[in-house]
Structures are given as structure tokens and as C-alpha cells.
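What follows is each chain in one-letter form.
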Amino acid sequence: MINLYFPNYTTTHLEDWVSNWYIRRGFISPEQLKAVKIAKKMDIYVHRKPKSSSYLIHGRYKGITLDAREDKLVQKEQFYHELGHILRHVGIQSMMPEAFRELQERDARHFTLYAALPFHMVSKYDLSDDQIIERWVSDFKITPELCETRLECIKAREVDYAILNN
């Protein structure tokens, strides 16, 4: 089935993984993407403190600390980043080789893009809309910068698809 708004787009494995993860848990629309709601489904405690964001797994305890000094939109992005670590990574970053830590950070950055703007939700938007960034900011409650980055990634993958299939 070809998506009307994304006819030349193929999702990445991580995009599919994130969308499937959300759909299995009943997250199908942007207004459902609230950090507290997502965390509750996963038995993750969320704390806001005036310190850098981080995550902690200790036995059965899973927690995410968000930087209370930051704007709420930035805190939501921090949540997605730390959630990516909890869901996809193992080990204590301070004790692992730098290259492996960098790989995990790169994965968490990609996870943040896809978790903040999951494909099964953004695919319902018209990318030719001049107000797409503003709509995403309003609907998904994240920063314009993250929305712009996600849009650039989508457009780049569409161009790559078109080039490879011509």
C-alpha cells in the first residue's frame, strides 16, 4: 500500500520497531504521547530535578530523571532519549569503551526522532503543508528543531528512494 503523503518513502528498521512498540501499547495519536503515560505503561519512574537528564536501571527499578531547569518541550525530548536507552541498551556507559557508548548515543538520538514523531502518526500529515513544523510542534509537543530534523530526514530518505528506484 502506498501512503499518499509519503509515496517514495521506506521506513528504517528502527522506525518500524518504534511504531510497532507504540501500536502494541495503544499509542496511536499524538495526544497520547505523554511522558508520564508512556512511563506508566513501562513501570518507569519519572523524576524532574535540576541536573542533567539520565536513566537508571537497578534490579527491577527503572527511572528517568529529566532536567527541571529545561523547558517542558526539551524535557519531553530528554524523556524519549533516556527511554531509548532503557528499551534498547545494556551496560553502564561510564564503564564501556567509548566507541560502544557513542554507538548507543547515536541510536538513542535516532530513537528520539522516531519516538517523538513516530511514522505511523506523521504519515497522516501532508508534508507539502507550509505549516507542517508548527502543526507537529502543536500536536506532538516537541521543539521546532526536532520537528525540522525529522522532516529533513524524511525528505532525504524520499530522495534516496527515488534515486535508487529510477
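The structure presented is a predicted model; accordingly, all values stated were derived computationally and were not measured.

Trainee: Honestly, the overall build of the protein chain in this entry has me stumped. Any pointers?
Mentor: In terms of helices and strands, the protein chain carries 7 helices and 3 strands. Of the regular secondary structure in the protein chain, the N- to C-terminal order runs α-α-β-β-β-α-α-α-α-α. Counting over 166 residues, the protein chain shows a buried share of 43%. When contacts within the protein chain are restricted to residue pairs at least 6 apart in sequence, long-range pairs at least 24 apart make up 56% of them. Summed over its atoms, the accessible surface of the protein chain is roughly 9800 Å², and 55% of this surface lies on carbon and sulfur atoms.

Trainee: Explanation requested: the environment of Met121 in the structure shown.
Mentor: Relative to the assigned elements, Met121 resides in helix H5 (residues 119–122). Dropping the residues within four chain positions of it, Met121 is found in contact with Phe27, Ile28, Ser29, Pro30, Leu33 and Phe140.

Trainee: Help me understand the packing of aromatic side chains, please; the structure alone is not making it clear to me.
Mentor: Here the distance between the centres and the angle between the planes together describe a pair of aromatic rings. Taken as a whole and judged by the stated rule, the model has 7 aromatic pairs. Seen in terms of ring centroids, Tyr22 and Phe27 are 5.7 Å apart; in terms of plane orientation they differ by 65 degrees. Their pairing is edge-to-face. As far as the burial class goes, Tyr22 and Phe27 line up, both buried. Pairwise contacts between aromatic rings join Trp21, Tyr22 and Phe27 into one cluster. Above the plane of the ring of Phe27 lies Lys41, whose end atom (NZ or CZ) is 5.8 Å from the centre. Lying over the aromatic face of Trp17, Arg88 brings its terminal NZ or CZ to 5.2 Å of the ring centre.

Trainee: Explain the nonpolar core to me, please; I cannot follow it from the model alone.
Mentor: Here is a general trend for soluble globular proteins: nonpolar side chains tend to be buried in one another's company. In this structure, Tyr22, Ile38, Phe79, Tyr80, Trp136 and Phe140 are the most contacted members of the largest nonpolar core, which totals 40 residues. For this core, the secondary-structure elements that each account for two or more residues are helix H1 (13–24), helix H2 (35–41), strand S3 (61–67), helix H3 (72–88), helix H4 (98–116), H5, helix H6 (132–140) and helix H7 (144–164).

Trainee: Mind showing me how you'd approach the environment of Leu87 here?
Mentor: By the element assignment, Leu87 lies in helix H3. Sequence separation between Leu87 and Ala108 is 21 residues, and the spatial gap between their C-alpha atoms is 9.8 Å. With sequence-adjacent residues up to four places away left out, Leu87 is seen in contact with Trp17, Trp21, Met42 and Phe111.

About the thresholds
- Residues numbered from 1 in each chain as written.
- Predicted model: local features only at pLDDT ≥ 70, side-chain atom pairs only at ≥ 80, totals over all residues.
- Heavy atoms only, no water.
- Helix = DSSP H or I, 4+ residues; strand = E, 2+ residues; numbered from the N terminus.
- Buried < 20%, exposed > 50% of the residue type's maximum accessible area, 1.4 Å probe, protein only.
- Contact = heavy atoms within 4.5 Å.
- Areas by Shrake-Rupley, 256 points an atom, 1.4 Å probe, with all protein chains shown as cover.
- Phe/Tyr/Trp six-rings, centres within 6.5 Å; stacked < 30°, edge-to-face > 60°.
- Lys NZ or Arg CZ within 6 Å of the ring centre and 35° of its normal.
- Core = buried A, V, L, I, M, F, W, Y, C linked by side-chain atoms within 4.5 Å.

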